[in-house]
Amino acid sequence: MKINNPIDCVIGITYNCNSRCQMCDIWKIKDFPEIAPSEYAKLPTTLRDINISGGEPFLRMDIPEIIAVIQKRAPKARMVISTNGFTPTLIEAQMKKILAIKPDIGISISVDGYGDMHENIRHIPDAWNKDMDTLERLQKLGMKNLRLAFTILPENVQDFAKVYDETRRRGIQFTHAFAQSSEHYFGGIQVDNHPDVKVLKEQYSYVMNEELKSWNLKRWARSYFAYGLYRFSMEREQVLSNDPGTRFFYLDARGMVYPSVVHSYGMGNIQNYDSWEDLWNSERADNARELVLTKGKPAWMICTARTAIKKHPLSVGMWVLKNKFGGVKL
Ligand code: SF4
């Protein structure tokens, strides 16, 4: 059966990383090949959301060239680069070139705690100040599409609302994830993530209610995403089914395509196919989809959740109405 082309993806352009985060072993991966920028010309033209990730994507010096190839191939796609933000001068210099190619591109800076807590989790001295320096440089370039991305761990859960408030003060967006194990995305480290339930509840209730107070569809959707992540962290279940390997995929630095960042079933290497359709409709890709259904673990990450939220506007709308006027009670 022919599968429709996907609309959403994460593209990891390198495994190199200058951070030493406690929940990720990517930086330990050495001597891996990186695909050439020209390979990105095989991406599907149907893409509407693309997250450029890593490792640390700004460690690839040809990142402007990669963005140019992707932009030409999928001009309708929204694009966001996820960075740890630890090289403010380099990021500023590369973003000047990238903004000339795609002026509306976004940047998401990972921040896993307020002040010292961020430094403790990332194991990088002065982590908070480096990231705020990067953020301010990007704001001076005129960028509006900026966000801080928080990864929840037992150690930092009490800082969740504080970092959220910082984003409100600075007039930028807030996004978050729950640290999970993934061989091909976090380098195989085993994460046993069970934050204090009472604190998690308080922090989530605050952020979800704040987002619902607005009259902004995007912020309502973010509140629903937070609800899904809260439920996932409590019950390891998804509130909506999503479509890894059908509407969504993850492409790693070596050119291997996976159904998602947490489903490590290879669908084929893009370098071995003449076109995206050949890979996407291959027997190997079908087998990987089958494994997602039969063995795949649940996941609730913004990349795959986004397609699920868009696909179920009615359930999401009902949830928003109920909780906007009744208040979120977890
Ligand atoms: S989580 Fe991101 S920034 Fe941290 S080590 Fe892994 S790839 Fe690097």
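Use the structure listed above.
Residues numbered from 1 in each chain as written. Predicted model: local features only at pLDDT ≥ 70, side-chain atom pairs only at ≥ 80, totals over all residues. Heavy atoms only, no water.

Caption draft 1: Quick look at the sheet that holds strand β2 (residues 49–53). Spatially, β6-β5-β4-β3-β2-β1-β7-β8-β9 is the arrangement adopted by the nine strands of the open sheet, whose pairing is mixed. The open sheet terminates on both sides in strands that have one partner only, identified here as β6 (173–178) and β9 (268–269). Bridging between strand β7 (residues 248–251) and strand β8 (residues 256–258) involves two bridges; their strand directions are antiparallel. From the neighbouring strand, L251 faces β8, where its bridge partner is V257. Sitting on the sheet, helix α5 (residues 160–170) is in contact with β5 (146–152) and β6, with an inclination near 155° to β6. (Pairing = 2+ DSSP bridges. Helix = DSSP H or I, 4+ residues; strand = E, 2+ residues; numbered from the N terminus. Contact = heavy atoms within 4.5 Å. Axes fitted to C-alpha atoms, helices over the stretch in contact; angles between N-to-C directions.)

Caption draft 2: Expanded view of helix α11 (residues 313–326). The terminal C-alpha atoms of α11, which comprises 14 residues, lie 20 Å apart, in line with the 20 Å expected from a rise of 1.5 Å per residue. Taken together, the buried positions of α11 are V316, W319, V320, N323 and K324. The arc that holds the buried residues of α11, viewed along the axis, is 120°, so those residues lie on one side. Summarising the geometry of α11, the exposed residues directed more than 90 degrees from the buried face are L314, M318, L321, K322 and F325. Positive backbone phi, at 80°, marks G327, one or two positions downstream of α11. (Expected span 1.5 Å × (residues − 1). Buried < 20%, exposed > 50% of the residue type's maximum accessible area, 1.4 Å probe, protein only. Arc of directions from axis to C-beta.)

Caption draft 3: Here's a closer look at the nonpolar core. Within the largest apolar cluster, 80 residues are counted, with the highest numbers of intra-cluster contacts made by I11, Y40, I50, I81 and M95. With eight residues, helix α7 (residues 217–235) is the single largest residue contributor to this core. Discounting residues that sit within four places of it in the chain, Y40 has contacts with I11, G12, I13, I35, R60, I66, V69, I70, R73 and L251. By size, the runner-up hydrophobic cluster in this structure holds 20 residues, among which are V10, C17, L153 and Y258. (Core = buried A, V, L, I, M, F, W, Y, C linked by side-chain atoms within 4.5 Å.)

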